[in-house]
Amino acid sequence: MENDLEKKLEKKLKERFVKAMATYHLIDDGDRILVGLSGGKDSLCLLELLAQRSKILHPRFEVAALHVRMRNIHYESDTSYLQRFCDEQGVRLYVRETSFDASTDRRKTPCFLCSWYRRKELFNLAQELGFNKLAFGHHQDDLIHTTLMNLFNQGRFEAMPVRLKLDKMPLTIIRPLCMIKESDIEAYAACRGYEKQKKVCPYDSGTNRTEMKRLFAEIEARNEEARANIWRAIQGGII
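Here we summarise the structure given alongside this text. Please read all numbers here as calculations on a predicted model, not as lab measurements.

### Considerations on the pattern of salt bridges
And then number 1: Evaluated as defined, the whole model comprises 18 salt bridges.
And then number 2: Two residues, Glu-6 and Arg-192, come together in a salt bridge whose shortest N-O distance is 3.7 Å. Linking Glu-6 in helix 1 (residues 2-23) with Arg-192 in helix 6 (residues 182-192), this pair joins segments that are 186 residues apart in sequence.
And then number 3: According to the relative accessible area criterion, Glu-6 is buried, its value standing at 18%.
And then number 4: Note that Asp-31 is salt-bridged to Lys-133, the shortest N-O span being 2.7 Å. Here Asp-31 is found in strand 1 (residues 31-36), whereas its partner Lys-133 is found in strand 4 (residues 133-135), with 102 residues between them in sequence.

Structure follows, in structure tokens:
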């Protein structure tokens, strides 16, 4: 029974992954894609889907992964597990370490600084090794939450872009999980036996994003069409 569920979930995820690739033209022949591999379910799922897709004749592209460890934040994945996971997928894993000093800019939250320094390592390694695209594991829920946060907190209806070509670097950011629900990834991760992170981020609760996730869950519980309606409204502005 579990095997049947896994197959159904895998089929569902692959269909939405391929649809996102085609709809937003995320991958081209000859691409070299670097995945930001945190070790959470989303980035593991993204890496698995990309690695499987890279073995198909068209388009032909290369995939590698980067895991960034933060010296000053107890947000830790088992690097040996990530290495085994990448080996199973036939993907090379790079590991880098960095840190930040929150006291240097008190206007920014630790979450913002942690994310920025992780991305800085991604940008640097991608350019150093000649990758032209960076893939992040943001799913449909992330895009919806970001849009609602921008609307409520900034007064602007703006979504997280699915495909973004950077102006100052020869890099394009892509988010191939944009059409996949978080709950489907959670179920697939359980079926596949993804190992959970050893330590989660200490700032992961009590943030604006956590609160928006809770609020959106309430909205969905009241209106089962809410997700589809919000997604339909933001599709035109996420390319």
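That was the structure; now back to the text.
### With respect to helix 3 (residues 79-89)
And then number 1: Listed in full, the buried residues belonging to helix 3 are Tyr-81, Leu-82, Phe-85, Cys-86 and Gln-89. Buried residues along helix 3 cover an arc of 135 degrees about the axis, so they all sit on one side.
And then number 2: On its buried side, helix 3 packs onto helix 2 (41-53), strand 2 (61-70), strand 3 (92-98) and helix 6.
And then number 3: Gly-90, located one to two residues past helix 3, shows a positive phi value of around 70 degrees.

### So, the pairing of strand 2
And then number 1: Burial runs high along strand 2: eight of the 10 residues are buried.
And then number 2: Bridge analysis of strand 1 against strand 2 gives six bridges, and the strand direction is parallel. In the strand pairing of strand 2, Leu-34 is matched with Ala-64.
And then number 3: For the segment spanning strand 1, helix 2 and strand 2, crossover handedness is right-handed.
And then number 4: With seven bridges joining them, strand 2 and strand 3 adopt parallel strand pairing. Each residue of the ladder has a partner; that of Ala-64, found in strand 3, is Arg-92.

### Focus on the sheet that holds strand 2
And then number 1: Taken together, six strands build an open sheet; the order of strands is 3-2-1-4-6-5 and the sheet is mixed. The sheet is open, and its two edges are formed by strand 3 and strand 5 (163-165), each paired on a single side. When strand polarity is set aside, the average angle formed by the axes of neighbouring strands in this sheet is 25 degrees.
And then number 2: Two elements, strand 4 and strand 6 (residues 172-174), share three bridges in a ladder whose sense is parallel. Bridge assignment links Ala-135 to a residue of strand 6, and that residue is Ile-174.
And then number 3: Packing against the sheet, helix 2 makes contact with strand 1, strand 2 and strand 4, and its axis sits at approximately 160 degrees to strand 1.
And then number 4: Seen against the sheet, helix 3 touches strand 2 and strand 3 and runs at an angle of roughly 155 degrees to strand 3.

Quick notes on the rules
- Residues numbered from 1 in each chain as written.
- Predicted model: local features only at pLDDT ≥ 70, side-chain atom pairs only at ≥ 80, totals over all residues.
- Heavy atoms only, no water.
- Salt bridge = Lys/Arg side-chain N within 4 Å of Asp/Glu carboxyl O.
- Helix = DSSP H or I, 4+ residues; strand = E, 2+ residues; numbered from the N terminus.
- Buried < 20%, exposed > 50% of the residue type's maximum accessible area, 1.4 Å probe, protein only.
- Arc of directions from axis to C-beta.
- Contact = heavy atoms within 4.5 Å.
- Pairing = 2+ DSSP bridges.
- Right-handed = clockwise from strand over helix to strand, strands pointing away.
- Axes fitted to C-alpha atoms, helices over the stretch in contact; angles between N-to-C directions.

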